[in-house]
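Structural features, examined
Spelled out from the first residue to the last, the chains are:
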Amino acid sequence: MKTQPYKQDSGKLTYKVGVTLDRFIKSKQQDFPYATGELSQILRDIALASKIVSREISRAGLSDVTGAFGQTNVQGEEQQKLDVVANVRFTRALTKGGEVCAVVSEEEDLVIDLENSKGKYVVAIDPLDGSSNIDVNVSIGTIFSIYRRKTPTGSPIQEQDVLQKGSDQVAAGYVLYGSSTMLVYSTGNGANGFTYERSLGEFFLSHPQMQMPVDGVIYTINEGLTPHINPNILSYLEGCKRKGATARYIGSLVADFHRNLLKGGIYLYPPTSQAPNGKIRLMYEANALAFIAEQVGGAATNGTERILDIVPQSLHQRTPIYIGSKNMVAGLEKALLG
Ligand code: FDP
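Just so you know, these numbers come straight off a predicted model, no measurement behind them. Sequence order sets the numbering: in each chain, residues are counted from 1 along the sequence as written. Two thresholds apply to this predicted model, a pLDDT of at least 70 for residue-level local features and 80 or more for giving and counting side-chain atom pairs, whereas whole-chain, interface and lining totals are computed over all residues. Just so you know, side-chain values use all the structure's heavy atoms and leave hydrogens and water out.

Bringing the sheet that holds strand S12 (residues 246-247) into the picture now. Here five strands make up an open sheet; going across it, the order is S12-S11-S13-S15-S14 and the pairing mixed. Of all the strands in the sheet, just S12 and strand S14 (299-301) have a single pairing partner and so form its edges. Should DSSP find at least two bridges between two strands, the strands are regarded as paired. Numbering of helices and strands runs from the N terminus; a helix is a DSSP stretch of H or I covering at least four residues, while a strand is a stretch of E covering at least two. Looking at chain direction, strand S11 (residues 218-220) and S12 are connected through two bridges and run parallel. Within S12, the residue paired with Tyr-219 across the bridge is Ala-247. Contacting S11, strand S13 (265-269), S14 and strand S15 (321-324), helix H8 (residues 326-336) crosses the sheet at an angle of about 150° to S15. Contacts were defined at the residue level, with two residues in contact if any of their heavy atoms lie within 4.5 Å. Orientation is described by axes fitted as lines to C-alpha atoms, over the contacting stretch for helices, and by angles from 0 to 180 degrees between their N-to-C directions.

Structure (structure tokens):
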């Protein structure tokens, strides 16, 4: 039989659609120290849940998913309907695969024991971050951290499996539901971003090997906090302004972080007189973003300690956070010394 070699068609009519998330995860599986495919499956489960959540978000206003759910979460914050929807979607996706034994969620008081003691992984997740922006059509996100359990599989889940420091993360990432939906993740070998192609139902690699500028001109802080924060931070911000910096604050951590990653900048959520530990949660907000920040050449600190070195004492612990371009974070740390 006569055959002919496959020729890649570079014609304009058949432009390449690119590398799907699934194919990318498979191609990178061997780089990961525990290359059994389980971690890859967790990433795929998270991606699937994020597509469903993205669909729900894009219909907000048409379907009955906006507004308050009528309950408060463990932080005393009023849950939005979409907070609840996202929590169910992600937890359900993580339950199905069998790789995860426990989930820590912003929306749940206690650790969710998936009663799958064979699962090697623990996931900490903020299913929908930036709740105040849901009903007003502004970008929101999902943040996730993945840890390997410390105790042997087959035994009941223990506190040491869950309260791990950020440097123990084996993977972390976020989904940004913005002008497009994007998933960014890292397994500790750089970070890559994928954009969701809704009509094909696939994430495609759009931001390979992301890098954060070492310096930037954006500072991101809730300006309403400034009467209640350390004056050294105010001096730092004044210095930024004198150098021509500009303020950008969305009020969705994922969106604010992502913009600063691409453009260069610093996000600050400092302690205030009313909230001495700040607002951002260590286990399912700060750690994942600090992991990504370091992977793309940025930095993250609580002012005195690298975020990834903090040993959590409780599930919903808060931490001050200064995260972003390396030189800006270093400048802030210096300013804090007075
Ligand atoms: P939200 O409470 O709306 O879910 O940590 C949660 C968070 O949003 C971050 O996403 C955001 O950066 C910050 O809080 C906003 O807090 P302020 O409203 O105090 O600015």
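What follows is about unusual backbone geometry. You will see that Glu-115, though not glycine, has its phi angle at about 50°, which is positive. Here Glu-115 is to be found in the loop between strand S4 (112-113) and strand S5 (121-129). Only protein chains enter the area calculation, which uses a 1.4 Å probe; residues under 20% of their type maximum are buried, those over 50% are exposed, and those in between are partly exposed. On the accessibility criterion, Glu-115 (74% relative accessible area) is exposed. Even without glycine at this site, Asn-137 takes up a positive phi of about 65°. In this fold, Asn-137 is placed in the loop between S5 and strand S6 (140-148). A relative accessible area of 77% means that Asn-137 is categorised as exposed.

With that settled, the discussion passes to empty space enclosed by the protein. Buried and open spaces are told apart on a 1 Å grid over the protein atoms alone, a cavity being a set of points where a 1.4 Å probe fits but cannot get out and a pocket being an open set with protein on both sides within 12 Å along at least five of seven lines. Residues with an atom within 4 Å of a point are the lining residues. Grid points are joined across faces, edges and corners, and a volume is the space filled by probe spheres set on the points. According to the stated counting rule, one finds one cavity of 30 Å³ or more in the structure shown. Around the largest cavity, the lining comprises 13 residues; the ones closest to its centre are Lys-28, Gln-29, Phe-32, Ser-40 and Thr-187. Only helix H1 (21-28) and helix H2 (38-58) provide two or more residues apiece to the lining of the largest cavity. Gly is placed with the polar residues, together with every amino acid not listed as nonpolar (Ala, Val, Leu, Ile, Met, Phe, Trp, Tyr, Cys and Pro) or charged (Asp, Glu, Lys and Arg). Residues belonging to the lining of the largest cavity are distributed by class as follows: six nonpolar, five polar and two charged.

The subject of this paragraph is the sheet that holds strand S7 (residues 171-177). If you walk across this open sheet you meet the eight strands as S4-S3-S5-S6-S7-S8-S9-S10, and the pairing is mixed. Edge positions in the open sheet fall to S4 and strand S10 (202-207), since each of these has one partner strand only. Examined bridge by bridge, S7 and strand S8 (residues 181-186) share six bridges and lie antiparallel to one another. By the bridge assignment, Val-175 is partnered in S8 with Leu-183. Contacts from helix H3 (residues 81-97) reach strand S3 (100-105), S4, S5, S6 and S7 within the one sheet, and its direction differs from that of S5 by about 155°. Along the sheet face, helix H7 (residues 282-295) touches S3, S5, S6, S7 and S8 and points at about 85° away from the line of S6.

Residue proximity to a molecule or strand is established when one non-hydrogen atom of the residue lies within 4 Å of it. Residues in close proximity to the ligand total 15 residues, the closest being Asp-129, Asn-222, Tyr-249, Tyr-267 and Tyr-269. In protein, a polar contact means a hydrogen-donor-capable atom and an acceptor-capable atom, both N or O and within 3.5 Å, with residues adjacent in sequence counting only if both atoms are side-chain atoms; elsewhere, any N or O pair within 3.5 Å suffices. Here Lys-279 contributes a side-chain N or O atom positioned 2.8 Å from an oxygen atom of the ligand. Protein contacts shield 87% of the accessible area of the ligand, which totals 460 Å² for the unbound molecule. Assignment of a molecule to a cavity or pocket requires that more than half of its atoms lie within 2 Å of the corresponding grid points. With respect to the pocket detection grid, the ligand is positioned in the largest pocket. In this description, accessible areas are obtained by the Shrake-Rupley approach with a 1.4 Å probe, and a residue is regarded as covered only by the protein chains that are shown.

Below, the discussion takes up helix H5 (residues 231-242). Helix span, expected: 1.5 Å multiplied by one less than the number of residues in the helix. Across its twelve residues, H5 extends 17 Å between first and last C-alpha, which sits within 8% of the 16 Å expected from 1.5 Å per residue. Among the residues of H5, Ile-233, Tyr-236, Leu-237, Gly-239 and Cys-240 are the ones counted as buried. The arc that holds every buried residue of H5, seen down its axis, measures 155°, which confines them to one face. H5 presents Pro-231 and Arg-242 as exposed residues on the side facing more than 90 degrees away from its buried surface. The inward-facing, buried residues of H5 contact S11, S13, S15 and H8. The N-capping residue of H5, defined by a side-chain oxygen 2.8 Å from the backbone nitrogen of Asn-232, is Asn-230. To be clear, the arc concerns the directions from the helix axis to the C-beta atoms.

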